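Chain by chain, the residues:
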Amino acid sequence: MKRSYAFGLILLFMTATGCIDEISFDSEFSERQIIVAGSVHNGPGPYTVRIGETHPDENLPVPLSDAAIELIDSNGNRVAFY
């Protein structure tokens, strides 16, 4: 029991004090890109859709405003996001 407790404490300490190295890479795309991300499933909503735009000097996409997305399934049903 003491051995597994000590092992657990050591493992917790190692994961809590571990470091993460940031990785930077050059991208071929220096222009802005539109990103559409979301969660859509075959059940009833709600669904989540986000629209963003990349910027060369930003790490995360900047949300777009005044944008609209319309999802259309194979039966012609439509769900609009504004």
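Structure: see above.
The following paragraphs examine the structure supplied in this document. (Residues numbered from 1 in each chain as written. Predicted model: local features only at pLDDT ≥ 70, side-chain atom pairs only at ≥ 80, totals over all residues. Heavy atoms only, no water.)

**With respect to the pairing of strand β5 (residues 78-81)**
Operational definition: A pair of strands is considered paired only if DSSP assigns at least 2 bridges between the two. Only DSSP runs of H or I reaching four residues or more are called helices, and only runs of E reaching two or more are called strands; each is numbered from the N terminus.
Note that strand β4 (residues 69-72) and β5 share 4 bridges and pair antiparallel. Across the sheet, residue Leu71 finds its bridge partner in β5, namely Val79.

**Overview of the pattern of salt bridges**
Heads up, the condition is: In what follows, salt bridge is the name for a side-chain nitrogen of Lys or Arg lying within 4 Å of a carboxyl oxygen of Asp or Glu. Think of it in three bands: with a 1.4 Å probe and only protein chains considered, a residue is buried below 20% of the maximum accessible area for its type, exposed above 50%, and partly exposed in between.
What the rule picks out here adds up to 1 salt bridge. A salt bridge links Arg78 to Glu70; the shortest N-O distance between them is 2.9 Å. For Glu70, a relative accessible area of 42% corresponds to the partly exposed category.

**Quick look at the sheet that holds strand β3 (residues 62-63)**
Where strands meet in a sheet, backbone hydrogen bonds hold them as pairs that are either parallel or antiparallel. If you walk across this open sheet you meet the 3 strands as β1-β2-β3, and the pairing is antiparallel. Because the sheet does not close on itself, it has two edges, and the strands there are β1 (34-39) and β3. Note that strand β2 (residues 48-53) and β3 share 2 bridges and pair antiparallel. Paired with Gly52 across the two strands is Pro63, which belongs to β3.

**Quick word on the environment of Asp66**
By secondary structure assignment, the location of Asp66 is in the loop between β3 and β4. A relative accessible area of 84% places Asp66 in the exposed class. Along the sequence, Asp66 and Tyr82 sit 16 residues apart, while their C-alpha atoms lie 7.2 Å from each other.

Honestly, that's just the spatial picture; any functional story needs more than this.
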